[in-house]
Amino acid sequence: MFRKTLADYPLAITAIALSLFGVAIVYSAGQTDIPTYVAPLWKTQLMWLGLGVLCAWGIGNSSVRLIEWATWPAYLLTLFTLASLLVLGAGTGANGHMRSWLAIGGHRLGQPAEIAKIVVVLMLAKVLAERREAPKSLLELWKPGLVVGIPFAMIMLQPDLGSAIVFVGIFFGMLFWSGVPWPLLVLLASPVVSLVLSFSTGLWGAWFLVLIALVLWYKPYLLEGIVLVVANVATGVIAPILWEKLAPYQQNRLKVFLDPSADPRASGYHVLQSKIAIGSGGLFGNGFTLGTQKRSGFLPEQHTDFIFAVVGEELGFIGVAVALTLFLALFLRATRIATRANDPFGSLAAFGLMSCWLVHVVVNIGMTLNLMPITGIPLPFFSYGGSFMLASWLGIGILLRISGEGRGQAGAIL
Amino acid sequence: MSVHPNDIARRSRIATLALGALILSLMVAFFNAQVLQHDRYKLQSQENRLRALPLPAPRGIIYDRYGNIIAENLPGYSVSIAPVNVDSLKSSLTHLASVITLSQDQINAAIRRFRRDPNRPTLIMSDASMSVVSVLEEHRINFPRFIIQSVPKRFYPDGPAVASFVGYTGEITDADLNSPAYAGYKPGQLIGKGGIEKEYEKVLRGTEGVRYDEVDARGRQVRQATPRLDLNPEPAPPLYTNIDMDLQRYVAGIFGDSLVGGAVALDPRDGGVLALYSAPSYDVNKFTGGIPADYWRSLLNDERRPLVNKTTQGRYPPGSTFKLVTAVTALQEGLVTLDSRMPTPCTGGFQYGNRTFHCWTYYSHRAGHGDITLSQAIEESCDVYFYQLGLKVGLANLIAGGVSLGMRETTGIDLPDEKRPLWPYAVDYYNKTYGARGWSNAVTLNLAIGQGENSQTVVNMARFYAALATDGNAPTPEIVKRTPVKTRIFKLSQEEMDGLRTALAGVVGQGTAQSARIQGIMLAGKTGTAQTGKFVNGVEQNHAWFVGFAPADKPTIVVAVMLEFGGHGGRAAHVASSIISHYLKVAPVTAVQTEG
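Residues numbered from 1 in each chain as written. Chains lettered and ligands numbered in written order. Predicted model: local features only at pLDDT ≥ 70, side-chain atom pairs only at ≥ 80, totals over all residues.

### Notes on the overall build of chain B
1) Next: Check the secondary structure of chain B and you find 21 helices and 21 strands.
2) Next: The buried share of chain B, taken over its 596 residues, is 45%.
3) Next: Taking all contacts inside chain B whose residues are at least 6 apart in sequence as the whole, residues at least 24 apart take part in 71%. (Helix = DSSP H or I, 4+ residues; strand = E, 2+ residues; numbered from the N terminus. Buried ≥ 20, exposed ≤ 12 C-beta atoms within 10 Å, placed from the backbone. Contact = placed C-beta atoms within 7 Å.)

Here is the structure:
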């Protein structure tokens, strides 16, 4: 089914604009007073962008059915790769303790977690699409839970907390889109909320009362209700034990989120320097490539996790607003595609991809301003990284295809 | 999935709203940080990048009265470091120590300075040698945070000759930093230590400048930042002194390595200090950039105590030079005239109570001075005469006279840590010290001839003789030129003043200091041979004094010389006459050493 005339140009143009913006910022990130290895990386990034666009074009010319058909094998392959990573994986320079890189013969091929996110979205879409009615109880969620749970657990073991959070975001986003009632989503999330709130007895108590009220109102199965309440109590109790189990750097990251100045020379340094860079940008910024925080090397990870601080410092609030508007356009377009998709699989896949990017964008950009804890997840289309650029454009390709097969005019603006 | 179009449309609306709200809240957060709080972050960003490098100001140049340089500044180099924290400082220093010689003391001092003020580049060496600088420049890439700076370095062209009054500069100590006197000083800064460097610290200091360097996150200097922010160091104005460098050098030369003691030369008309020297001296130039430990130890352990200024801090029994205090007190009271004789002529001894007090002649040739006048007694330094004069004045009046003549006051010379001379404040002193019955009136006899409870500084004796040389007005000795301060300490008639000066000239002309006679000019003065109670091979090691002025009729110079354990006062007189004749450009007659 090759329907060239119905290509979703607004989506393609938004994605291209974001990517070129991103490559430009990667180029700028390399422009430091004392040149580092970052300087030539924009060329590599441009190459990956070309490869990604090519893939997207290929997928855009395939069919949704083909994608659905390929989902199962891709999912199994992903699980196999993630499992082998735990045994063979290699860490990167900055995160040497993490086994997130797939390497053969010492050559790093990529981070499979990035592709895994796309595959899990597709697999989840396939599973959720099988049902005519949305799950109404937690027990009915076992299958989608398992689809996300297995890779989630494997990635947690790497350990890559950031990517794991993305899986949670995808899971909840797609459950919402599949029509799961919001009280059920809240109940599902309740143990995690308990975990976080358990550090303050008062807050946890208040949350527990809300939870009881919700259980009584929503009336789930009795067993489910009991399990939920017990789970909340249990997570509240084991939270301090889990905290002890966290690596010191993870503990520090959470502490620094609450108070960046607590540790200004180490963990808090990144956040502090990032905020200074963004804040000093002002309305119009210091000018492209002219950010002083970045040039002098005060801004850490300026081409990967903290790349958005470069946007803030050099292009100011105007540049930030343009980038955020482009992201919003992408998200709204993906939502439109999900709304107009021809079948549940396509609709869920489109919304899942949007959820995936949304979590990345909110967590990453929020992190640069200390609105979110440092989790080390990249910014789609901006952060330097081959696998991620490729995965993002695979997603764009899938969206283009779903859009092409959807109802109404794919190329229409609204 | 529920696929009813209404359901999907509803969820789509919710999703659209949620997305819009989410992105909007991010935008608000960025607007807040970038536009509303821009100033704060801009400032932080600048503080990040700009490193303030203090630029030490050259200290004021010190000149003598003829414009010769006493202290100046030469170009030197300092090495400092801008560390992140104590650990990085320690590792940098360890690293540095592998390339150049760095003592443990220097390392500890650097750590102390950093702890004191972490935001200021920490000084490591205030006076680095050229070889150290070139080694560091060579390894510059390995030491990104090190700062090599050209800084002014203090230099004294006549180092040892001027050490006694000029002092030296050194790093401010922790104790100084804590004291309010040094409020605003920073660790690693140089301050004057001792001498006029310390006394005039506020004047000589200058104003430190600052240069802003743009640095990167690793502390490497990238470029000089906007010069608009910089402040040039302001050199302090020069300091003009009354010192006569030619005379000062001459005095230092006379003392040489063998004589121990002090000499002060004043202009009696305004109190200007022409020369001030304490022997043995030391080389102040070695003190620049930190005193070498072994040199410091050798100075501390030297039993001749070179670090004690013998003109202002050494206190010595003044001996016969003090007889003028007794004479002036008696004349002022109207008890005697210069022609008065005492009831008992000098036969070499004087019986008081059950004890005989000898005249100095008794020890040399067992003879006396006979029946003499006050003028003759001054010339011959007759102890027996002055014993009786003291008794005539009375202990209370004698003590009060000494107090009013400034014998227990500092002179107020502009040098730090001047010691106050020792002299009883009243008769009560003896009651307090020895108990009401623990002493007898015999102390009067000792006080009258400059022994007993009496220790004077060289500079104070010079001040008193300056009053004798003029009209009873004692000038405050001033090293640095300023408005002269004079205090009237006694009032005698013109005839009495002239008579005293004639008698003092007689000392040199015919009396105890004939060796000090200078051809062509009249030199007036008094020798003193002060007993110390210290014996070597059965011979008492006396302090030798001479205080005098010239020309006797119209004095332009007062000289006080004290030779520690120098024997007879005649030796001091010889030194003093050499100083005076050098100053007045007149050759002295060949020294003829006489007894007494």
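### Thoughts on unusual backbone geometry
Residues and elements named next belong to chain B.
1) Next: A cis amide bond links alanine 279 with the next residue in sequence, proline 280, at an omega value of 0°.
2) Next: Within the fold, proline 280 resides in the loop between strand S12 (273–279) and helix H11 (293–301).
3) Next: Omega for the bond connecting alanine 550 with proline 551 falls within 30 degrees of zero, at -15°, which places this linkage in the cis form.
4) Next: Within the secondary structure, proline 551 is located in the loop between strand S20 (543–550) and strand S21 (557–563).

### Considerations on the interface of chain B and chain A
1) Next: Facing the 36 residues of chain B at the interface are 43 residues of chain A.
2) Next: At the level of elements, helix H1 (5–36) and helix H2 (38–49) of chain B are the ones that each hand at least two residues to the side of chain B that touches chain A.
3) Next: Broken down by class, the residue content of the side of chain B that touches chain A amounts to 18 nonpolar, 11 polar and 7 charged. (Nonpolar A, V, L, I, M, F, W, Y, C, P; charged D, E, K, R; others polar.)

### Re the sheet that holds S20 of chain B
Residue and element names in this part refer to chain B.
1) Next: One open sheet accounts for 5 strands, arranged S12-S11-S21-S20-S17; its pairing is antiparallel. Here the strands that pair on one side only, and so sit at the sheet edges, are S12 and strand S17 (524–530). If you compare each strand with its neighbour and ignore which way they point, the axes differ by 5° on average.
2) Next: Direction of pairing for S20 relative to S21: antiparallel, over a ladder of 7 bridges. Bridging across to S21, alanine 550 finds its partner in isoleucine 557.
3) Next: Relative to S12, helix H10 (residues 245–255) is tilted by about 25°, and along the sheet it contacts strand S11 (261–266) and S12.
4) Next: Together, S11, S20 and S21 form the strand contacts of helix H19 (residues 458–469), whose direction differs from that of S21 by roughly 150°. (Pairing = 2+ DSSP bridges. Axes fitted to C-alpha atoms, helices over the stretch in contact; angles between N-to-C directions.)

### Describing the nonpolar core
1) Next: By size, the foremost hydrophobic cluster in this structure holds 117 residues, and its most contacted members are Leu124 and Ala350 of chain A.
2) Next: The biggest single contributor to this core is helix H13 (residues 307–340) of chain A, with 18 residues.
3) Next: In this view, leucine 124 of chain A contacts Pro144, Val147, Val148, Ile170, Met174 and Gly352 of chain A; residues no more than four positions away in its chain are not counted.
4) Next: In terms of nonpolar packing, the next biggest core, distinct from the first, is built from 115 residues, Ala163, Phe350, Ile399 and Leu415 of chain B among them. (Core = buried A, V, L, I, M, F, W, Y, C linked by C-beta atoms within 7 Å.)

### Overview of helix H4 (residues 104–116) of chain B
Residues and elements named next belong to chain B.
1) Next: An ideal rise of 1.5 Å per residue puts 18 Å on 13 residues; H4 measures up with 18 Å between its terminal C-alpha atoms.
2) Next: If you check which residues of H4 are buried, you get Ala109, Ala110, Arg113 and Phe114. The buried residues of H4 occupy one face: seen down the axis, they fall within an arc of 135°. For H4, the exposed residues set more than 90 degrees away from the buried face come down to Gln104, Asp105, Asn108 and Arg115.
3) Next: Where H4 is buried, its residues contact helix H3 (86–97) and strand S4 (122–128). (Expected span 1.5 Å × (residues − 1). Arc of directions from axis to C-beta.)

### Quick notes on the packing of helix H7 (residues 182–197) of chain A against helix H9 (residues 222–245) of chain A
All names here are of chain A.
1) Next: Interaxial distance between H7 and H9 falls to 7 Å at its minimum, and their mutual angle equals 20°. Relative to H9, the element H7 lies roughly parallel. Considering the relative orientation of H7 and H9, their crossing is right-handed. The residues of H9 that touch H7, namely those facing Leu187, Ser190, Pro191, Ser194 and Leu195, are Leu228, Ala231, Asn232, Thr235, Gly236 and Ala239.
2) Next: Class assignment of the residues belonging to the contact of H7 with H9 gives a composition of 6 nonpolar, 5 polar and no charged. (Parallel < 35°, antiparallel > 145°, perpendicular 65-115°, else oblique. Left-handed = near helix turned anticlockwise from the far one by under 90°.)

### A short note on the environment of serine 150 of chain B
Residue and element names in this part refer to chain B.
1) Next: Structurally, serine 150 is set in strand S5 (residues 146–155).
2) Next: Serine 150 gets classed as exposed once you count the C-beta atoms within 10 Å, which come to 12.
3) Next: Sequence spacing of serine 150 and tyrosine 77 is 73 residues, and the spatial spacing of their C-alpha atoms is 4.6 Å.

### Topic: the confidence of the model for chain B
If pLDDT is low for a region, its predicted coordinates should not be looked at in detail.
All names here are of chain B.
1) Next: Model confidence for chain B is summarised by a mean pLDDT of 86, while 94% of its residues fall at 70 or above.
2) Next: Taking the mean pLDDT of every element in chain B, the minimum, 66, falls on strand S9 (residues 221–224) and the maximum, 95, on strand S2 (residues 62–63).
3) Next: Both scores are given for the predicted complex: the pTM is 0.67, the ipTM 0.91. (pLDDT = per-residue confidence, 0-100.)

### Details of the environment of glycine 412 of chain B
1) Next: Within the fold, glycine 412 of chain B resides in the loop between helix H16 (395–404) and helix H17 (428–434).
2) Next: The spacing of glycine 412 of chain B and proline 475 of chain B is 63 residues in sequence and 9.6 Å in space, taken between C-alpha atoms.

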